[in-house]
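Listed below, chain by chain, are the residues.
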Amino acid sequence: MEPLIYWVWLTTLKGLNDACRHRLLAHFGSPENIYLADARALLQVGGLTAGQVRALENKATDAAQRILDTCGRKNIFILTMHDARYPQRLRNIFEPPLLLYGRGEMPLFDEEVAVAVVGTRFCTDYGLRMAEQFGFDLSRQGALVVSGLAAGVDAAAHRGALRAGHATAAVVGCGVDVVYPAENGRLYEDIAASGVILSEYPPGTQPARWRFPARNRILSGLCLATLVVEAPEKSGALITAAAAAEQGRDVFALPGRLGAESCRGSNCLLRDGASLAMESWDILGEYQHRYPHKLHWDGQPLPPHGSGDDSPVGGSEKPQKQKKSAALPVIDIGRNAEGLSGNEIMVLRLLDSEVPMLTDDIAQEAGVPVQQVLAAVTMLEIEGFIRREGLRKFVRTVELKDTKE
């Protein structure tokens, strides 16, 4: 038997969970050693239940061989955690998938500026339009767009990337040979032809609700950042965003109309500290200094980047998103005709119009929780009163006047 059969045997064996499989692999070093272990050796592995030991005594490999035969017949590749092509980015997450099944061509994720673009299946026309626009712009400017091939936002993001003439990657909650939903059949074939479709589930696995949250940790784990386009309060996209945050990845969200149920979840992300994305470079600009050979801002010349931790390597430059005018517009915070909150006025008072300031430093100087600062800068950025300058740094774009009534 080829060694790959032991991986398939281990990952499809009934009675084991992911934690158990990872514990076994850490103890024995390979699925083949797990397969060859007897009950006495298995009992030396801490944390195994008697039922799990009994499950591991099932050495039948017929089902695993059928899966391998199906993969060969359908041109489906398999990557194991020990494969050199398995993304290190994914290997570093909590309980990564031991196996990845794929159809298409596997990109080198560790060398890509991969961005997950996710959102609700039941999105508005605004959500569809924005998802396709961001998919197009991100791809055109050098990113790899990754999504879940679901209806709604996911499908629109994939279409946008394909419209830009570049590959896109899909992570699905079923077998890679299962087209779900059925109306995405043509899109499925386009992605497989130019990019890749990935899953931790063997071919023939049908979609089930519980599989999609597990799928989402892979989707975010392959990427540097996750963008939530539009999501209600109960949405799988929020699970992806939560997984990204737990994995130490960046989370971005688009602002949506206040009061719209389809946007409440994504708006709450902004309130709770996700970064605001109003254009694709709001995301890609954070990585341009690390991937200057990959990312470009619409082919325009890039002005000099400011100093600090966000300075690019090798003299690469980041585009300026907004040119400063000779005289900044003035707002009167005394009369407060704009209806700013107390925290928003506090942030404006502390920010400089030229030297960027970190949100953490604003919170420390003001003596307020950083969550309050993040909520305030989100609203001020939407209003155009401040501008983002690198990761969590902002400058004021208005002059302040303080006329008392």
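Residues numbered from 1 in each chain as written. Predicted model: local features only at pLDDT ≥ 70, side-chain atom pairs only at ≥ 80, totals over all residues. Heavy atoms only, no water.

## Concerning the packing of aromatic side chains
Phase 1 of the analysis: What the rule picks out here adds up to four aromatic pairs.
Phase 2 of the analysis: Look at Tyr6 and Tyr35: their rings are 5.1 Å apart centre to centre, the planes differ by 50°, and that puts the pair in the tilted class. Separated by 29 residues along the polypeptide, Tyr6 in helix α1 (residues 4-12) and Tyr35 in helix α3 (residues 31-36) bring together distant segments of the chain.
Phase 3 of the analysis: Both rings, one in Tyr180 and one in Phe212, keep their centres 6.1 Å apart while their planes meet at 40°; by these two values the pair is tilted. Of the two residues, Tyr180 is situated in the loop between β5 (168-171) and α10 (185-194) and Phe212 in helix α11 (residues 211-221); the sequence distance between them amounts to 32 residues.
Phase 4 of the analysis: Residue classification places Phe212 among the buried positions, given a relative accessible area of 13%.
Phase 5 of the analysis: An aromatic cluster is built from Tyr6, Trp9 and Tyr35, whose rings are joined through pairwise contacts. (Phe/Tyr/Trp six-rings, centres within 6.5 Å; stacked < 30°, edge-to-face > 60°. Helix = DSSP H or I, 4+ residues; strand = E, 2+ residues; numbered from the N terminus. Buried < 20%, exposed > 50% of the residue type's maximum accessible area, 1.4 Å probe, protein only.)

## Details of the pairing of strand β3 (residues 114-118)
Phase 1 of the analysis: Judged by how many residues are buried, β3 sits mostly within the fold: five of five residues are covered.
Phase 2 of the analysis: Residue alternation in β3 divides its side chains into two sets, Ala114, Ala116 and Val118 and Val115 and Val117, and both sets are buried.
Phase 3 of the analysis: The pairing of β3 with strand β4 (residues 144-147) spans three bridges and is classified as parallel. Within the sheet, the bridge partner assigned to Val115 lies in β4 and is Val145.
Phase 4 of the analysis: Crossover β3 to β4 through helix α8 (residues 125-140) is right-handed. (Pairing = 2+ DSSP bridges. Right-handed = clockwise from strand over helix to strand, strands pointing away.)

## As for the confidence of the model for the chain
Phase 1 of the analysis: In this model, the chain carries an average pLDDT of 87, and 91% of its residues clear a pLDDT of 70 or more.
Phase 2 of the analysis: Segment residues 299-326 is flagged for pLDDT under 50; beyond a separation of four residues in sequence, or across chains, it makes 46 contacts in the model. (pLDDT = per-residue confidence, 0-100. Contact = heavy atoms within 4.5 Å.)

## Points about helix α13 (residues 264-271)
Phase 1 of the analysis: Summarising burial for α13: six of the eight residues are buried, a large majority.
Phase 2 of the analysis: Residues of α13 that are buried: Gly265, Ser266, Asn267, Cys268, Leu269 and Leu270.
Phase 3 of the analysis: Looking at the buried positions of α13, the neighbouring elements they touch are β7 (225-228), α12 (236-246), β8 (250-253), β9 (275-276) and α17 (370-383).
Phase 4 of the analysis: Gly273 lies just past α13 and shows a positive phi near 120°.

## Focus: the packing of α1 against helix α6 (residues 62-74)
Phase 1 of the analysis: Interhelical geometry of α1 versus α6 gives an angle of 115° and a closest axis separation of 9 Å. Judged by the sense of rotation from one axis to the other, the crossing of α1 with α6 is right-handed. Contact residues: Leu4, Ile5, Val8, Trp9 and Thr12 in α1; Ala64, Gln65, Ile67 and Leu68 in α6.
Phase 2 of the analysis: The residue inventory of the contact of α1 with α6, partitioned by class, reads seven nonpolar, two polar and no charged. (Axes fitted to C-alpha atoms, helices over the stretch in contact; angles between N-to-C directions. Left-handed = near helix turned anticlockwise from the far one by under 90°. Nonpolar A, V, L, I, M, F, W, Y, C, P; charged D, E, K, R; others polar.)

## A closer look at the nonpolar core
Phase 1 of the analysis: Membership of the largest hydrophobic core comes to 77 residues, with the highest contact counts inside it found for Leu24, Leu56, Phe109, Val146 and Ile197.
Phase 2 of the analysis: Excluding its chain neighbours within four sequence positions, the residues that come into contact with Val146 are Phe109, Ala114, Val115, Ala116, Val117, His158, Ala169, Val171, Leu219 and Cys223.
Phase 3 of the analysis: Counting 27 residues, the second largest nonpolar core, distinct from the first, contains Met130, Ala131, Phe134 and Leu224. (Core = buried A, V, L, I, M, F, W, Y, C linked by side-chain atoms within 4.5 Å.)

## Some words on helix α16 (residues 359-366)
Phase 1 of the analysis: Those residues of α16 that sit buried are Thr359, Ile362 and Ala363. Projected down its long axis, α16 carries its buried residues within an arc of 95°, all on one side. In α16, the exposed positions that point more than 90 degrees away from the buried face belong to Gln364 and Glu365.
Phase 2 of the analysis: With its phi angle positive at about 70°, Gly367 sits one or two positions after the end of α16. (Arc of directions from axis to C-beta.)

## Some thoughts on the pairing of β4
Phase 1 of the analysis: Neither face of β4 is exposed, since Leu144 and Val146 on one face and Val145 and Ser147 on the opposite face are all buried.
Phase 2 of the analysis: Note that β4 and β5 share three bridges and pair parallel. When the sheet's bridge partners are listed, Val145 is paired in β5 with Thr168.
Phase 3 of the analysis: This β-α-β element, β4 to helix α9 (residues 153-163) to β5, shows right-handed connectivity.

## Things to note about unusual backbone geometry
Phase 1 of the analysis: A cis amide bond links Tyr180 with the next residue in sequence, Pro181, at an omega value of -5°.
Phase 2 of the analysis: Summarising the element assignment, Pro181 is placed in the loop between β5 and α10.
Phase 3 of the analysis: Of note, Asn75 is a non-glycine position whose phi angle comes to about 60°, a positive value.
Phase 4 of the analysis: Summarising the element assignment, Asn75 is placed in the loop between α6 and β1 (77-80).
Phase 5 of the analysis: Residue classification places Asn75 among the exposed positions, given a relative accessible area of 65%.

## Quick look at the sheet that holds strand β11 (residues 357-358)
Phase 1 of the analysis: Taking strand neighbours across the sheet as the criterion, the three strands line up as β11-β13-β12 in an open arrangement whose pairing is antiparallel. Strands at the two margins of the open sheet, each flanked by one partner only, are β11 and β12 (386-388).
Phase 2 of the analysis: Pairing between β12 and strand β13 (residues 393-396): three bridges, direction antiparallel. In the sheet register, Arg388 faces β13, and the bridge partner there is Phe394.
Phase 3 of the analysis: Against the sheet, α17 touches β12 and β13, its axis set at about 105° to β12.

## Some remarks on the side chain of His22
Phase 1 of the analysis: As for its placement among the helices and strands, His22 is situated in helix α2 (residues 18-28).
Phase 2 of the analysis: In this structure His22 touches Met81, Glu95, Pro96 and Leu98, once residues within four positions along its chain are discounted.

## So, the sheet that holds β3
Phase 1 of the analysis: The nine strands are arranged β1-β2-β6-β5-β4-β3-β7-β8-β9 in an open sheet whose pairing can be described as mixed. Bordering the open sheet on either side are β1 and β9, each of which pairs with just one other strand.
Phase 2 of the analysis: Most of the contacts of α8 go to β4, to which it runs at about 145°, and overall it touches β3, β4 and β7.
Phase 3 of the analysis: Contacts between α11 and the sheet are confined to β2 (99-104), β3, β4, β5 and β7, with β5 contributing the most and set at about 155° to the helix.

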